[in-house]
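Observations on chain architecture
If you want the building blocks of each chain, they are given just below.
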Amino acid sequence: MKSIILSCLFLFLNFALLAQITKPEVTEVWDPEPRLVTPGAKYAAPPSDAIVLFDGTSADNFTHDGQKPVDWIVKDGIMTVKEGTGQIVTKEEFGDIQLHLEFRTPSVVEGEGQGRGNSGVFLQGRYEVQILDNFENRTYANGQCASIYKQTPPLVNACRKPGEWQSYDIIFNAPVFNTDGMRIRPGFVTVLQNGILVQNHTLIQGTSEYIGMPKNIAHGDGPIFLQDHGNPMSFRNIWVRKL
Ligand code: MG
């Protein structure tokens, strides 16, 4: 008798539960309400909560290797690589970010393959989204513009002509390491080049290595670094949002 009562009760509860989840409100999430962020007035202008890293006036948010003031040329609202001075890194370090930057490869085309308009955006100083002039310039697919260098080719070649301004919008989820130094979640990156999806939530295998395989050594937040690869590359309008 007792078991019959319990079975009836069990069935009743199941029916009650079923009735509950057929209501649309059950799966509605109201809180926390997404924060209001005012978009910038122009395409790619920094939104209200962005950290502006380069607004065209000074390179003060960057250094060479964390110490030395930037020797790259800042003029007429743009910043240009001064060959041989080395990469520049942000003073601030970041984890998950949305990053916008605009770059221009030289209008006077010199070199070929990897030697033409080479730079790169290194996320956390380790993971390179390649910058290269691949307008009618073939190189290895996983080393061309918008590749995750030596790992994943871009979905398409979205390069503009040399000398034209191009944009990157990068969404980066940093890898996670446990206290033993093991990577427990890989990093992921999404990239839009000139508004075109070129990396779609791409898994980052590890560090960008010119020779050898990607490495995964535990680390925390890191700077954004822009590469001096010996070409007079220019940059403007660089901003970041922490996620
Ligand atoms: Mg590069």
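Everything in this summary refers to the structure shown in the same document. Everything numeric in this text was worked out from a predicted model, so none of it was measured.

The rules behind these values
Residues numbered from 1 in each chain as written. Predicted model: local features only at pLDDT ≥ 70, side-chain atom pairs only at ≥ 80, totals over all residues. Heavy atoms only, no water. Helix = DSSP H or I, 4+ residues; strand = E, 2+ residues; numbered from the N terminus. Buried < 20%, exposed > 50% of the residue type's maximum accessible area, 1.4 Å probe, protein only. Contact = heavy atoms within 4.5 Å. Areas by Shrake-Rupley, 256 points an atom, 1.4 Å probe, with all protein chains shown as cover. Core = buried A, V, L, I, M, F, W, Y, C linked by side-chain atoms within 4.5 Å. Pairing = 2+ DSSP bridges. Donors = N, O, S within 2.8 Å, 3.2 Å for Na, K, Ca; no water. Phe/Tyr/Trp six-rings, centres within 6.5 Å; stacked < 30°, edge-to-face > 60°.

Quick look at the overall build of the protein chain now. Within the protein chain, the regular secondary structure consists of one helix and 15 strands. The proportion of buried residues among the 243 residues of the protein chain is 44%. In the protein chain, of all internal contacts separated by at least 6 residues, the share reaching a separation of at least 24 is 63%. Split by element, the accessible area of the protein chain, about 13800 Å² in all, is 57% carbon and sulfur.

In this structure, V121 and Y168 are the most contacted members of the largest nonpolar core, which totals 39 residues. For this core, the secondary structure elements donating two or more residues are β1 (51-54), β6 (97-104), β7 (119-123), β8 (127-131), β9 (165-173), β12 (187-193), β13 (196-204) and β15 (234-242). Residue contributions to this core peak at four residues, all from β6.

With respect to topology, five strands assemble into an open sheet ordered β2-β5-β14-β7-β8, the strand pairing being antiparallel. Only two strands of the sheet have a single partner each, and these edge strands are β2 (62-63) and β8. Inspection of the sheet shows strand β5 (residues 88-90) paired to strand β14 (residues 225-226) by two bridges, in the antiparallel sense. Bridge pairing in β14 links V89 to F225.

The next point concerns the coordination of the magnesium ion. Of the protein atoms, only N118 (OD1), S119 (O), E128 (OE), Q130 (OE1) and Q227 (OE1) coordinate the magnesium ion, at distances of 2.2 to 2.4 Å. Counting along the primary sequence, the residues that act as donors to the magnesium ion give the motif N-S-x8-E-x1-Q-x96-Q. Separated by 11 residues along the polypeptide, S119 in strand β7 and Q130 in strand β8 bring together distant segments of the chain. On the basis of relative accessibility, which here comes to 0%, the residue S119 falls in the buried class. Judged by its relative accessible area of 1%, Q130 falls in the buried class.

We now examine the packing of aromatic side chains. Using the criterion set out here, one finds five aromatic pairs in the structure. Between W72 and F235, the aromatic rings sit 6.1 Å apart at their centres with planes inclined by 20 degrees, giving stacked as the arrangement. Of this pair, W72 sits in the loop between β2 and β3 (73-75) while F235 is found in strand β15, placing the two residues 163 residues apart along the sequence. Residue class for W72 comes out buried when judged on its relative accessible area of 4%. Their ring planes at 55 degrees and their centres at 4.9 Å tell us that F103 and Y168 sit as a pair that is tilted. Of this pair, F103 sits in strand β6 while Y168 sits in strand β9, and the two are 65 residues apart along the sequence. Per residue, the accessibility class of F103 equals that of Y168, and both read buried.

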